[in-house]
Every structure is written in structure tokens, then in C-alpha cells.
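Topology and contacts: notes
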Amino acid sequence: MASSQEASSLATLLIQKCTCTTTLKKARQLHARILTSTPSTPQSPYLNNNIISMYVRCSYLGDAHLVFDKMPQRNIVSYNALIAASSRSCSDAHLAFKLLARVQIECLRPNGLTFTSLLQASSCLQDHLLGSSLHTQSMKFGFLDDICVQTSLLGMYSNCGDLKCAMEVFNSMGYKDAMAWNSLIFGYMKNEKIVEGLHLFSRMRNGDIPTQFTYSMVLNACSRLGDKDNGQLIHAQVIVSGITTDLPLQNALLDMYCSCGDAQTAFRIFSMIKNPDLVSWNSMIAGYLDNGDGEKAMNVFIQFSRTSFAKPDEYTFASVISATGTFPASDYGRPLHAQVNKVGLEMSVYVGSTLISMYFNNGEAGSAQKIFSFIIKKDVILWTEMITGYSRTGNGENAIECFHKMSQEGLKIDSFSLSIALSACADLATLRQGEIIHCQVIKTGHDVEMNVCGSLIDMYAKIGDLQTAESILYQVKNPDLRCWNSMLGGYGHHGKAEEAFKVFDEMLKRGLKSDQVTFISLLAACSHCGLIDKGKFLWTYMKENGLKPGPKHYSCMVSLLSRAGLLNEAEEMIEQSPFSGDYVDLWRTLLSSCVSCGNLNIGLRVAERILKIDGEDSATNILLTNLYAAVGRWDCVAEMRRKIRGSTVERDPAVSKIEVAKGIHAFSSGDRSHLWVEEMEAELYRLRGNLMLLETDEI
């Protein structure tokens, strides 16, 4: 039988040969071999320390602790192995400090590695108090000059958000290696001090050579800032330095160019990556998404599906669905939805929100509702997507209902969901619902947020409560352009031209730069009040300030000129506009004025232009009938009526809405679907009887 020393040497040799063991099965087999090849006499800490380290390398702390607890003798190396392993995982970091207490009980002296690991644990826990205490202890035990301890201190203070102490530690370091610089730069980046982090990178380059990790960090910073110039400069430095560009660095370059809107350069870098990982593919798809090129995003996704061994994740599907969301659902959306179900991501809130948006963009509210109902754990983003979808598609009642249901779920309402709900109230002109949401705005403290204030002003202005809208506007400390535009829109919509011009003057005094929305409101006010000269002045002023008129601006001007009887001038303006060939509303506005003025010549020309664009435009046929009636051409009236009756095109019935108590009720001609239709008819019959009695009494 081999001697105890020979057996121990054999066991140590076996462990040293298996330092690359990464599976628990092999580690346990080796442990069993060691137990059988060593005598029953107490084993030295050296042998057990190697066994503990082996289990730690296999990421299996359970067996490592079992070996540790059965050790007859432990030294600081034994403790360091377990403390280091615990410090690498935030879920186990607290165990490192329990082990420290046992170190003190056994009167062992901690060394530099002990403090390095403990500082990493406190960094993981983001416990500034523990970290500061360890800083004091490391000073007491004389390890403050240890480069590893100093670097761990840097990381701990940075991770805890104490950049002042991190900088003090950094300045006290005699030798600052790349890891120290990286720790400090990373701390500044993490704590949103991105510009300061880039300045530190510039300082680092004066003495030390940046690593691949350094370049990846600063490129990500440029990505977040959208700073393409600086990003290109760093890219040039990477090339000049001759450093090997590993995959994380290539992904950082890819992400920087994508985030800065240069998809072409990003694709060139992507093409040079030999084995792109999931991050590479996702970055390229997201890059095309951000640049509005859904077709290319889909092509990259198809290439990824065919060539990559990696499986698409939530981010992949969310990006490609968002990129193709405006295309017909049958082309891309539904096939992608099928793939989502196939890989088991149908319950993902992240993917679900993009699918809901895609279906709403395609006018398929029912499909969006099905996805929403299927997801069990709904967050604020998912609810807000439903509210936004309903509001955007003109279904304000469902948008408000969704908002109230979200509130009842106890979710924390954010400013965005409040703004969308208020916009839905504005579109429906529902004062009571708007006031209820206004109360929630105040209750949740969002009345100080600019986007919510803008929505409140817009809601009250559209409903017609201009006094309340104005009150909110002047309560805001520094109203932004949207707030002023909402107030301006309210005055313009209600024909308060003088008040609108006063608001516009106030905007100019405050140094705000008017946008296209500003001039739509001003021109609408001029149109309502017939202010031709003022309207023409604003039209010229807008173009002189570099704003290109859109279809709504032209619509306001055509309405203004037509109402004033300047039909030829209005026709000429439409002809000269870039929308004469496809925007029938402009021509229809002019045709309506031709009816009012009885101008058959211009009216017939205008009707002909509309019907060339849309040969079955029912509104134009009705206006043309009215025009013939206005000039006494009854034979043409009869012919037009026969044409309308024979038309296969049906007009959607007009809908009237009324707000009663907490509900919104919709009615249309001939519709008997309302639940209270019989009660309402009985009440109308009673009122009609009362009117007949009044007429009899008067006779």
C-alpha cells in the first residue's frame, strides 16, 4: 500500500491535472478517487483547499461548503476560496460576510485577496456602509496599497454611486493600470456621467493603453449620446492601435453606428464579423428599425433564421415586429406572430406589446385585444399600448375604459398613460371623464410634468373650457411649445382670433420657435373669423421662417379664401400645392364654397378633379347635386340623384355621442341597438304629447 504522503501527492497531482474540470459529475468522480487514494488520517488544508477550488470552478457551492464544513483544519486560503465564490453572485454575496465572521472567530488574519473578494460582494449588494467599513479594515490591516484591493474599492464606490470617493481612491493609487481606469470609467458611465467618462478616457490615453473592454465602454457611451463624430474617432483609434477586435468590441462598434443612424457602415462591420452572436443580429435588426427600414430588418431576420445556430429571443422578435409593424399584417406580422407562439414567447409582455402595436397599426383591434387578454401578467407598458392603440384608431371610449381598468389593477400610472387618456377625452369631448383623470393627475403628482400639462390644456381647450385651459397654462412654470400650441389650438378651434394672436405674441416674447402646429391653429382662427389679410400675412411669415406648409395649412388657407368668395384664388392655391393630385379634402372644401356662392363653372371643374382622384366619392356627388340645385339645374339634380341611388358605395352613418354619468353613449339614424332604446322612445313620446298639449292651449 502506498504511504500517506505518496497518496496525498497523487491526489494533489490529480486535482492539478483537472483544473479545467467544469462538470459536477467529473468533479465528484475525482473527489471519490482522492478519498479512496488517501489514508484515513486527517487531511492537510492544502488538499481540501484544492477540492474546494475544484467545486467552485464547477460553480457548485453546495459541495464546496460540504467539504469546507468537514475540514478538521482550515486556513485563510480555505475561507478565501469560498468568499471569492460567494462574491461573484449577488444572490450569494451575503454569505461572504457570514464567512468573514467565522474568520474572526477562528482568529485568522485576512489578506489582500480576502478584502478584494469582500469588496466585490459589497459592490454586488450595492451596500455603501459595508464597503466603507471594509475600506477602513483594509487600511487597518495594511492592504490599502494592494492594487487588487484598490481596484475593488474603485468598483465598490462606483457601483454604489459614490464617484467622489471613487476618484479619491483613484488619485491615491501610485500605479494606475488599465483595470483601474476601466473601473472608474465604468462607474461614471453607470451613474449617467457619460461625458465625464469620455473625458477620463481621453486622460487614460495619455499614459495607458486602452483595452478591448475600454473601447467597448466608450463606444457604448457614444451610442447613448448619439455622438457619431466621437464614435468614428474612437473607431479610428481602435484601428491605429492594432488591438484585436473581439466580438464584444465589434458589437459595440455595430451598436454605435446603428444608434447614430449610419446603418450602411453598421452593415459593413456586421459583414466582417466571422461568427456573429445573438447580440450582433439583434443590433443589426434594431439598427434598421431605428432608421425606419422595416424591409431590411426583416431580411436580416430571415438571414439570421437560416444561418445562425442561436435562437431568437424577446429582443429579436420585439425589434423585427416593430420594424415591420406598419406593413400589412398578412405579409409579416402574422407569420412573425406564429413564430413567437412556436418558440413559446406568446406570454412575454415585451413581445406582446409590439404585437399589439402591430395589429392596431393594421386596424385589427380584435387581434390586439386577444393578445392582451391572453397575457396573464400585464404591466403598465402593455396597458398603455392598449390605451394608445384605441386612442390612435379613434376608439376613445375603449381607451378610457382601459385606463380605468389599469387604475383598478393597482398599477403605478405613469405620465405617458395619463397623457394618452387625456387625449382620448379631448377627442371625445368628454368633460366629466377628463375631470376624473385630472384628479388622478393631481393625486399622483404628475401635474408638474410638462407632457401631462400639455394634454390637460389640450383636453380643456378642445372641450371648450378655455378658462380652465388658460389657468393651467399660466400655472406651469416654463410652458413648452406643446402647451402653448394646445392653448392656441383651442382659441383657433373656437374662433377666438384675438386671443390666439395674443398667445402667439407671448410665445414670441418668450423666445419660443413656432412650428407647423402653431401655424395650423393661427390659420384656423383666421379662417373661422374671415381675417383674410392676417391669414395671408401668416402664410408668408411661416414660409419665410423655413416652415414648409402641409395639407392642413393648405386646407385652412383654402377654407379662408373660399369663405371670402375668392374662389379663383383658392383654386390657384390648390393647383400650386404639392397635394393637388391626391388630397381630395382641399378640392372638396372649395366645392362646398362653390355651392354656397352658386359658382357652377368653378364647381364643375373642381368636381371633375375630385372624381378623377376618386370616381366613387359620395360626398362630392352630394355636393354636386346641391350645386345644381343652387343654380336651378333641376334636370341635372334628378340625374345626380339617380346616380347616387344606383351607386354601390354606402356611406357610413353619422354618429352622435353624449356623455351621461360615467358612460359615453353613441347613436346613429335608424339604429335600435342601444339597451335603453325603448325607454328613450317612450320618453320622446311623452315629450311629444306635452308639446301637443301646449299647442292646443295656445289655440
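Residues numbered from 1 in each chain as written. Predicted model: local features only at pLDDT ≥ 70, side-chain atom pairs only at ≥ 80, totals over all residues. Heavy atoms only, no water.

Let us look at the overall build of the protein. In terms of helices and strands, the protein carries 39 helices and two strands. Looking at the 699 residues of the protein, the share that counts as buried comes to 44%. Across the protein, the fraction of contacts at a sequence separation of at least 24, relative to all contacts at a separation of at least 6, is 60%. When the accessible area of the protein is evaluated, it comes to approximately 36,600 Å², of which 54% is carbon and sulfur surface. (Helix = DSSP H or I, 4+ residues; strand = E, 2+ residues; numbered from the N terminus. Buried < 20%, exposed > 50% of the residue type's maximum accessible area, 1.4 Å probe, protein only. Contact = heavy atoms within 4.5 Å. Areas by Shrake-Rupley, 256 points an atom, 1.4 Å probe, with all protein chains shown as cover.)

On to the state of the cysteines. Counted by the stated rule, this structure contains zero disulfides. We note that cysteine 258 lacks a disulfide partner, and the nearest cysteine sulfur, in cysteine 260, lies 9.5 Å from it. (Disulfide = S-S within 2.5 Å.)

Moving on, we come to the nonpolar core. If you look at soluble globular proteins, the nonpolar side chains tend to sit buried side by side. In terms of nonpolar packing, the biggest core is built from 186 residues, with Ile52, Ile321 and Leu590 touching the most fellow members. Element by element, the count of residues in this core is highest for helix H25 (residues 415–428), at eight residues. Leaving out residues up to four positions away in the same chain, isoleucine 52 has contacts with Ala64, Val67, Phe68, Met71, Ala81 and Leu82. (Core = buried A, V, L, I, M, F, W, Y, C linked by side-chain atoms within 4.5 Å.)

Attention shifts here to the side chain of threonine 354. Within the secondary structure, threonine 354 is located in helix H21 (residues 349–361). At 2.6 Å, the side chain of threonine 354 forms a polar contact with the backbone oxygen of valine 351. Not counting chain neighbours up to four residues away, the residues in contact with threonine 354 comprise Ala318, Ile321 and Ser322. (Polar contact = N/O pair within 3.5 Å; in protein donor to acceptor, adjacent residues only side chain to side chain.)

A separate point is the pattern of salt bridges. With the rule as written, the count across this model stands at 13 salt bridges. In this structure, the salt-bridge partner of lysine 536 is glutamate 569, at a minimum N-O distance of 3.0 Å. With lysine 536 in helix H32 (residues 532–544) and glutamate 569 in helix H34 (residues 567–576), this residue pair connects regions lying 33 residues apart in the sequence. Among the residues examined, glutamate 569 registers a relative accessible area of 32% and is labelled partly exposed. (Salt bridge = Lys/Arg side-chain N within 4 Å of Asp/Glu carboxyl O.)

One non-glycine residue, glutamate 192, adopts positive backbone phi at about 65°. Inspection of the secondary structure puts glutamate 192 in the loop between helix H11 (178–190) and helix H12 (194–204). Overall, the relative accessible area of 56% leaves glutamate 192 in the exposed class. A positive phi angle is found at alanine 429, which is not glycine, with a value near 55°. For alanine 429, the location among the structural elements is in the loop between H25 and helix H26 (431–443). Accessibility expressed as a relative area gives 45% for alanine 429, which makes it partly exposed.

Right, let's get into the side chain of serine 527. Along the chain, serine 527 falls in helix H31 (residues 516–529). Non-local contacts of serine 527, meaning those with residues more than four positions away in its chain, are made with Cys556, Ser559, Leu560 and Arg563.

Where helix H33 (residues 551–563) meets H34, the closest approach of the two axes is 8 Å, and the angle between their N-to-C directions is 165°. One element, H33, and the other, H34, form an angle in the roughly antiparallel class. With respect to the hand of their crossing, H33 and H34 are arranged in left-handed fashion. Of the residues in H34, those touching H33 at Tyr554, Met557, Val558, Leu561 and Ser562 are Leu567, Glu569, Ala570, Met573 and Ile574. (Axes fitted to C-alpha atoms, helices over the stretch in contact; angles between N-to-C directions. Parallel < 35°, antiparallel > 145°, perpendicular 65-115°, else oblique. Left-handed = near helix turned anticlockwise from the far one by under 90°.)

Our focus in this paragraph is the packing of aromatic side chains. Counted according to the given criterion, the structure contains 19 aromatic pairs. When the centroid spacing of 4.8 Å and the interplanar angle of 80° are considered together, the rings of phenylalanine 372 and tryptophan 383 count as edge-to-face. Pair noted here: phenylalanine 372 is in helix H22 (residues 365–374) and tryptophan 383 is in helix H23 (residues 380–392), with a separation of 11 residues, a long-range link. What makes phenylalanine 372 buried here is its relative accessible area of 6%. Among the aromatic residues, those joined into a ring-pair cluster are Phe267, Phe270, Trp281, Phe301, Phe304 and Phe317. Over the ring of phenylalanine 170 we find lysine 176; its NZ or CZ atom is 5.3 Å from the centre of that ring. (Phe/Tyr/Trp six-rings, centres within 6.5 Å; stacked < 30°, edge-to-face > 60°. Lys NZ or Arg CZ within 6 Å of the ring centre and 35° of its normal.)

Before going further, it helps to examine the environment of arginine 268. Checked against the element boundaries, arginine 268 lands in helix H16 (residues 263–272). Residue classification places arginine 268 among the partly exposed residues on the basis of a relative accessible area of 49%. Residues arginine 268 and leucine 254, 14 residues apart in the sequence, show an inter-C-alpha distance of 9.0 Å.

Let us now look at H34. If you check which residues of H34 are buried, you get Leu567, Ala570, Glu571, Met573 and Ile574. For H34, the angular spread of buried residues about the axis comes to 160°, placing them on one side. Of the residues in H34, the exposed ones pointing more than 90 degrees away from the buried face are Asn568 and Gln576. If you follow the buried residues of H34, they end up packed against H32, H33, helix H35 (584–597) and helix H36 (600–613). (Arc of directions from axis to C-beta.)

The end-to-end C-alpha separation of helix H5 (residues 76–87) is 16 Å, in line with the 16 Å expected for 12 residues at 1.5 Å each. Most of H5 is tucked away, with 11 of its 12 residues classed as buried. (Expected span 1.5 Å × (residues − 1).)

The subject of this paragraph is the confidence of the model for the protein. Taken over all residues, the pLDDT of the protein has a mean of 84, while the share at 70 or more is 89%. Mean pLDDT across the secondary structure elements of the protein bottoms out at helix H1 (residues 4–17), with 60, and peaks at helix H15 (residues 247–259), with 93. (pLDDT = per-residue confidence, 0-100.)

Bringing the environment of glutamine 264 into the picture now. Position of glutamine 264 among the secondary structure elements: in helix H16. What makes glutamine 264 exposed here is its relative accessible area of 60%. Measuring from C-alpha to C-alpha, the distance between glutamine 264 and tyrosine 288 comes to 9.5 Å, with 24 residues separating the pair along the chain.

Our focus in this paragraph is the packing of H31 against H33. Following both chains from N to C, one finds H31 and H33 inclined at 15°, their axes separated by 9 Å at the closest point. It follows from the interaxial angle that H31 and H33 lie roughly parallel. Helix-helix and strand crossings are classified by hand; for H31 and H33 the assignment is left-handed. Judged by residue contacts, Gln516, Phe519, Ile520, Leu523, Ala524, Cys526, Ser527 and His528 of H31 engage Lys552, His553, Cys556, Met557, Ser559, Leu560 and Arg563 from H33. The residue inventory of the contact of H31 with H33, partitioned by class, reads eight nonpolar, five polar and two charged. (Nonpolar A, V, L, I, M, F, W, Y, C, P; charged D, E, K, R; others polar.)

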